[in-house]
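Spelled out from the first residue to the last, the chains are:
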Amino acid sequence: MKIAVSAAGPSIEDPVDPRFGRCACFLIIDTGTLDFEVIENSSKNLGGVAGIEAAQRVAGQGVTHVLTGRCGPNAEKVLSAAGIRIVDGCEGTVREAVERFRSGSASSSQKPEVRATAAPKHPPRALSQAAGIERPGRATGLGSGRGMGGGGGRGMGGGGGRGMGRRCGRGAPSGSSPQPPPSAAVLENDAARLKQEAEQRRRQLLEKEERIRHLEGRDPGRRPG
């Protein structure tokens, strides 16, 4: 029986190299006589295809088993397709690994399981770039103001559904209808309020003038000539 062992050197007394695809060399060994042939692993410095290249080279040697430390999934597929059994977890010298294999204490691994990788879920659709709008024509009303519309109000839709309404209750959007003029009752109330404020300020002014004359020692009842 011919087997292949991933080795750290060209001798049967060299350690088993645990890296199948990047080992220094392979020893092709006759288990009956322990005669061997050294096959240099010229794929050890390659990128992700090192294991595949090494497996193809070993498969061409007519071996029935591969003894190694660890064999990657891609290399396992190539070896399994060629009908080669894999004995992983080997350690010690090449001779020791072969002796354990001959005595039956090393068991070959089963054909590697091919696990399907689920396709990533489609990312959720991003929201609109405009702040406060999830989809065109719909105002979310995220603001803290008291205006109308989605531009900072409470989502009252005053901006015609485009989130362009008043901001914080001030100003009106372009194209909005003009506000009606104040009623006569409102004007009358405003006039009365202004008169009351003017009278109050006049009394305050007289009190301040009286206080100034007192401080200057003048007679409050006498007017300056």
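Above this text sits the structure in question.
Quick caveat: nothing in here was measured; it's all calculated off a predicted structure.

Caption draft 1: Quick peek at the overall build of the chain. Looking only at helices and strands, one finds four helices and five strands in the chain. Secondary structure elements of the chain occur, N-terminal to C-terminal, as β-β-β-α-β-α-β-α-α. Considering the chain as a whole, with its 225 residues, one finds that 28% of them fall into the buried category. Here the contacts in the chain between residues at least 6 apart in sequence split such that 41% fall between residues at least 24 apart. Within the structure as shown, the chain displays about 15,600 Å² of accessible surface, and the carbon and sulfur contribution to it stands at 51%.

Caption draft 2: Quick peek at helix α3 (residues 94-103). Within α3, the full set of buried residues consists of Val94, Ala97, Val98 and Phe101. The buried residues of α3 all sit within an arc of 95° when viewed along its axis, so they share a single face. Those residues of α3 that are buried lie in contact with β1 (2-7), β2 (25-30), β4 (65-67) and β5 (85-87). Two residues or fewer after α3 comes Gly104, characterised by a positive phi angle close to 90°.

Caption draft 3: Highlighting the pairing of strand β3 (residues 36-40). Of the strand pairs in this sheet, β2 and β3 are connected by five bridges, and their pairing is antiparallel. Bridge assignment links Cys25 to a residue of β3, and that residue is Glu40.

Caption draft 4: Just the side chain of Ser6, in detail. One can find Ser6 in strand β1. Note on Ser6: relative accessible area 0%, which makes it buried. At 2.7 Å, the side chain of Ser6 forms a polar contact with the backbone oxygen of Asp17. Ignoring anything within four residues of it in the chain, the contact list for Ser6 reads Pro15, Val16, Asp17, Arg19, Phe20, Cys23, Cys25, Phe26, Leu67, Thr68 and Gly69.

Caption draft 5: The arrangement of unusual backbone geometry in detail. One non-glycine residue, Leu34, adopts positive backbone phi at about 65°. Mapped onto the secondary structure, Leu34 falls in the loop between β2 and β3.

Caption draft 6: Expanded view of helix α2 (residues 73-81). Turning to α2, its buried residues number three or more, namely Ala75, Glu76, Leu79 and Ser80. Buried positions in α2, seen along its axis, are confined to an arc of 130° and lie on one side of it. Buried-residue contacts for α2 involve α1 (50-59), β4 and β5. One or two steps after α2, the chain reaches Gly83, where phi turns positive at roughly 80°.

Caption draft 7: Molecular detail of the pattern of salt bridges. A full pass over the atoms with the stated rule returns eight salt bridges. Here Arg193 ties to Glu197 by a salt bridge, and the two come within 3.4 Å at their closest N and O atoms. Here Arg193 and its partner Glu197 are both found in helix α4 (residues 184-215), four residues apart, which amounts to about one turn of the helix. Classification of Arg193 by relative accessible area gives partly exposed; the value is 42%. Shared partners join several salt bridges into a network, and the residues in it are Asp190, Arg193 and Glu197.

Caption draft 8: Representation of the state of the cysteines. Under the definition given, this model contains zero disulfides. Unpaired in terms of disulfides, Cys23 finds its nearest cysteine sulfur in Cys25, a separation of 6.5 Å. Since its relative accessible area comes to 0%, Cys23 is described here as buried.

Caption draft 9: Expanded view of the environment of Arg95. Relative to the helices and strands, Arg95 resides in helix α3. When residues no more than four places from it in sequence are discounted, the contact partners of Arg95 are Ile12, Glu13 and Leu34.

Basis of the calculations
- Residues numbered from 1 in each chain as written.
- Predicted model: local features only at pLDDT ≥ 70, side-chain atom pairs only at ≥ 80, totals over all residues.
- Heavy atoms only, no water.
- Helix = DSSP H or I, 4+ residues; strand = E, 2+ residues; numbered from the N terminus.
- Buried < 20%, exposed > 50% of the residue type's maximum accessible area, 1.4 Å probe, protein only.
- Contact = heavy atoms within 4.5 Å.
- Areas by Shrake-Rupley, 256 points an atom, 1.4 Å probe, with all protein chains shown as cover.
- Arc of directions from axis to C-beta.
- Pairing = 2+ DSSP bridges.
- Polar contact = N/O pair within 3.5 Å; in protein donor to acceptor, adjacent residues only side chain to side chain.
- Salt bridge = Lys/Arg side-chain N within 4 Å of Asp/Glu carboxyl O.
- Disulfide = S-S within 2.5 Å.

Shape is all these values report; function is a separate question.
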